[in-house]
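Spelled out, the chains give:
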Amino acid sequence: MAPTVAEYQTEAVESFNSEIPGIDQEAVTNWLVDNIADSEPPFTFDLIAAGGSNLTFRLADSGGRQWALRRPPVGSALATAHDMGREWRIMAALGEASDVPVPEMVAFCDDHSVNGADFYVMGFVEGRILRDQDSAADMTPEQAEIATQSLLDVQIAFHTLDLDEVGLGDLGRREDYVGRQLKRWRRQVEAAGVREVPLLIELHERLSAAKPPEVAPAALAHGDYRFDNTVLDNQWKIAAVLDWELCTTGNPIADFAWSLQYWADPGDEMSFLTDPPTLQGCFVRRREVADRYATQSGFDLSDLGYYAVFSWWKQACIVEGAYARRLQGMTGGMGTTGDVHDIARRVDAMLAHAADMAAGVL
C-alpha cells in the first residue's frame, strides 16, 4: 500500500503519555510556550498520521485548545521529500492570498536543537475525512454530490491560480512536469537498490518516449489530492486541504489524473486505496468526475490515458520506496504488521496493471 495516509483523523489512532516518537516533550513544550500566544502547558501529543508521509500530531494544551504539529518521519533519509519549510510556505501563501482552504499557519521551527528536525504548528480543522467506505456509509447522494463538486472546485481553484500573484512563482520549474517526475522517481528507486524491477524500467522508457505536449498552463500541482487529504465541514464542503508535501509547479492535467486514480469504481481490478470511499453507491462514477473537470477547467483531457499509466507507474515507484524503507527497519514512527514482501508484490501488481493500460495508450 502506498505510504499516503491522510493527515488528520477526528479520533487519534495512537496516543503516547511518556515517550513519544518524534517529539522531545521538554524542548518542544518550552518552544510552544514561547511561540504560541496564551498556550497553557502541559501539552498532549496524539499521533494521528505517520508512515512514509510526514508525521502529524494532534496537539492540545491544558486549556483545551487544539492545534496540529507536523514534522518529518522519524529516521527519514529523504530530506527533499519532507521539506517542512516548503510545505509551510505553500500553505501560508495560499492562506494569505487565495481562496484555497488550508489550516491557519501558527508557528514554524527550523532550530533542530528543539526536536531534531524542522516542524510547524497549524490550526486543527475539525470535520469529516472520507478515508474508506465506512466513513461514507451514511452519506446521501445529495451530500456526496456536494462533497464531489467541492473537491473538484477546490482542485480547479489551485490549478488555475496565478502563481506569481500568490507569491509562489519561484516554487519550482514550470515546464516538463512529467519528464521531471519520471527522472525523480526512477532515480529514487535505483538509489534504494533493493532489487531489479525490469518492468518499472521498461515502462519508464515507454512513458519517456511517448510524453504528450503540455496543453495547460503550469499550475500548482498538489501531488496527492483526494478526499482523505481534505476535511469536510458540516455542509459537506472542503474546509481544508492537507498534506502539501509533494506539491510543486507543473502540469495540472497530470495532477488531476493522479487524483482520479483514487476515485474507484465498482468492478475496478485495482485501486490506489484498499477500501476507497467512492465505492459507495452515493457517488458518481469516475468518468463523470473527469467530464466535469474538463468542462469546468476548460482543459483538454485527450491524453488522460497516458497520464493514468504514468500515475500507476509513479505510485509503484513510491510503494517500492516504502518497501525499501521497511527492509531497512524504517517505519517512520508507526508500528507495522504483515509480511513486508507483500509490499513488493503490490508493486509488481501495480506495474502489471500499468502495463495492461499502456497497451492501448503508449
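Structure: see above.
Residues numbered from 1 in each chain as written. Predicted model: local features only at pLDDT ≥ 70, side-chain atom pairs only at ≥ 80, totals over all residues. Heavy atoms only, no water.

1. A word on the overall build of the chain
So, step 1. Secondary structure summary: the chain contains ten helices and ten strands in total.
So, step 2. Buried positions account for 55% of the 362 residues belonging to the chain.
So, step 3. Residue pairs in contact within the chain that sit at least 24 positions apart in sequence constitute 72% of those at least 6 positions apart.
So, step 4. Surface accessibility of the chain: about 15100 Å² in total, with carbon and sulfur atoms responsible for 48%. (Helix = DSSP H or I, 4+ residues; strand = E, 2+ residues; numbered from the N terminus. Buried < 20%, exposed > 50% of the residue type's maximum accessible area, 1.4 Å probe, protein only. Contact = heavy atoms within 4.5 Å. Areas by Shrake-Rupley, 256 points an atom, 1.4 Å probe, with all protein chains shown as cover.)

2. Quick look at empty space enclosed by the protein
Taking a probe equal in size to a water molecule and rolling it over the atoms shows the remaining empty space.
So, step 1. In this structure the tally under the stated criterion is two cavities of 30 Å³ or more.
So, step 2. Along its surface, the largest cavity is lined by 17 residues, and L151, R226, F227, S259 and W263 are the ones closest to its centre.
So, step 3. Looking at the lining of the largest cavity, the elements with two or more residues in it are α4 (141-159) and α7 (252-260).
So, step 4. Within the lining of the largest cavity, the residues separate by chemical class into twelve nonpolar, three polar and two charged.
So, step 5. Computed from the structure, the second largest cavity encloses a volume of approximately 30 Å³. (1 Å grid on protein atoms, 1.4 Å probe; cavity = no way out; pocket = protein on both sides within 12 Å on 5 of 7 lines; lining within 4 Å. Points joined across faces, edges and corners; volume = space filled by probe spheres on them. Nonpolar A, V, L, I, M, F, W, Y, C, P; charged D, E, K, R; others polar.)

3. Some remarks on the pairing of strand β9 (residues 238-241)
So, step 1. Pairing geometry for strand β8 (residues 230-232) and β9, over three bridges, is antiparallel. Residue pairing for β9: V231 is matched across the bridge by A240.
So, step 2. Between the antiparallel neighbours β8 and β9 lie five residues, among them W236 with a positive phi of about 75°. (Pairing = 2+ DSSP bridges.)

4. Overview of the packing of helix α5 (residues 177-192) against helix α9 (residues 304-327)
So, step 1. Running from amino to carboxyl end, α5 crosses α9 at an angle of 25°, the nearest separation of the two axes being 9 Å. Judged by the angle between their axes, α5 and α9 are roughly parallel. Between α5 and α9 lies a crossing whose hand is left-handed. Of the residues in α9, those in contact with Y177, V178, Q181, L182, W185, R186, V189 and A192 of α5 are Y306, Y307, F310, W313, K314, C317, I318, E320 and A324.
So, step 2. Residue composition of the contact of α5 with α9, grouped by class: 13 nonpolar, one polar and three charged. (Axes fitted to C-alpha atoms, helices over the stretch in contact; angles between N-to-C directions. Parallel < 35°, antiparallel > 145°, perpendicular 65-115°, else oblique. Left-handed = near helix turned anticlockwise from the far one by under 90°.)

5. Concerning the nonpolar core
So, step 1. Core analysis: the largest hydrophobic core is formed by 87 residues, its most contacted members being M139, L220, W244, F256, F283 and W313.
So, step 2. In contact with W313, not counting residues within four places along its chain, are Q181, L182, W185, R186, L200, L203, H204, L207, L351 and A354.
So, step 3. Within the second largest apolar cluster, 19 residues are counted, among which are I36, W67, L69 and V121. (Core = buried A, V, L, I, M, F, W, Y, C linked by side-chain atoms within 4.5 Å.)

6. Some details on the packing of aromatic side chains
So, step 1. Inspection of every chain in the model, using the stated rule, returns 15 aromatic pairs.
So, step 2. Aromatic pair Y262 and F272: ring centres 4.9 Å apart, planes at 85°, arrangement edge-to-face. Separated by ten residues along the polypeptide, Y262 in the loop between α7 and α8 (286-297) and F272 in the loop between α7 and α8 bring together distant segments of the chain. Comparing Y262 with F272 shows no difference in burial state: the two are buried. (Phe/Tyr/Trp six-rings, centres within 6.5 Å; stacked < 30°, edge-to-face > 60°.)

7. Side note on the pattern of salt bridges
So, step 1. Counted under the stated rule, the structure contains 24 salt bridges.
So, step 2. As a salt-bridge pair, R58 and E126 come within 3.7 Å of each other at their nearest N and O atoms. Taken together, the residues span a long stretch of sequence, with R58 in strand β3 (residues 55-60) and E126 in the loop between β6 (119-123) and α4 at a distance of 68 residues.
So, step 3. E87 serves as the salt-bridge partner of R70, at 2.7 Å between the closest nitrogen and oxygen. Pair noted here: R70 is in strand β4 (residues 66-71) and E87 is in helix α2 (residues 84-97), with a separation of 17 residues, a long-range link. Across the pair, exposure class does not vary: R70 and E87 are buried alike.
So, step 4. Each of R70, E87, D243 and E245 takes part in one network of salt bridges that share partners. (Salt bridge = Lys/Arg side-chain N within 4 Å of Asp/Glu carboxyl O.)

8. Here's the deal with unusual backbone geometry
So, step 1. In the segment running from P41 into P42, the intervening peptide bond is cis, with an omega of 5°.
So, step 2. Along the chain, the position of P42 falls in the loop between α1 (25-35) and β2 (44-49).
So, step 3. Despite not being glycine, D38 has its phi angle at roughly 65°, a positive value.
So, step 4. Along the polypeptide, D38 turns up in the loop between α1 and β2.
So, step 5. Classification of D38 as exposed rests on a relative accessible area of 67%.
So, step 6. In this model, D243 sits at a positive phi of 55°, which is unusual for a non-glycine residue.
So, step 7. The topology assignment puts D243 in the loop between β9 and β10 (248-250).
So, step 8. We classify D243 as buried; its relative accessible area is 6%.

9. A few points about α7
Owing to its 3.6 residues per turn, the α-helix aligns residues three or four sequence positions apart on the same side.
So, step 1. Taking burial as the measure, the nine residues of α7 include nine buried ones, the bulk of the element.
So, step 2. Taken together, the buried residues of α7 touch α4, α5, β7 (219-221), β10, α8 and α9.
So, step 3. Near the N-terminus of α7, the side chain that reaches the backbone nitrogen of I253, with its oxygen 2.9 Å away, is that of N251. (Polar contact = N/O pair within 3.5 Å; in protein donor to acceptor, adjacent residues only side chain to side chain.)

10. Examining α4
So, step 1. Its 19 residues give α4 an end-to-end C-alpha distance of 27 Å, which sits within 8% of 27 Å, the value for a rise of 1.5 Å per residue.
So, step 2. Three or more residues of α4 are buried, namely A144, A147, T148, Q149, S150, L151, L152, V154, Q155, I156, F158 and H159.
So, step 3. Buried residues along α4 sit in contact with β7, β8, β9, α7 and α8. (Expected span 1.5 Å × (residues − 1).)

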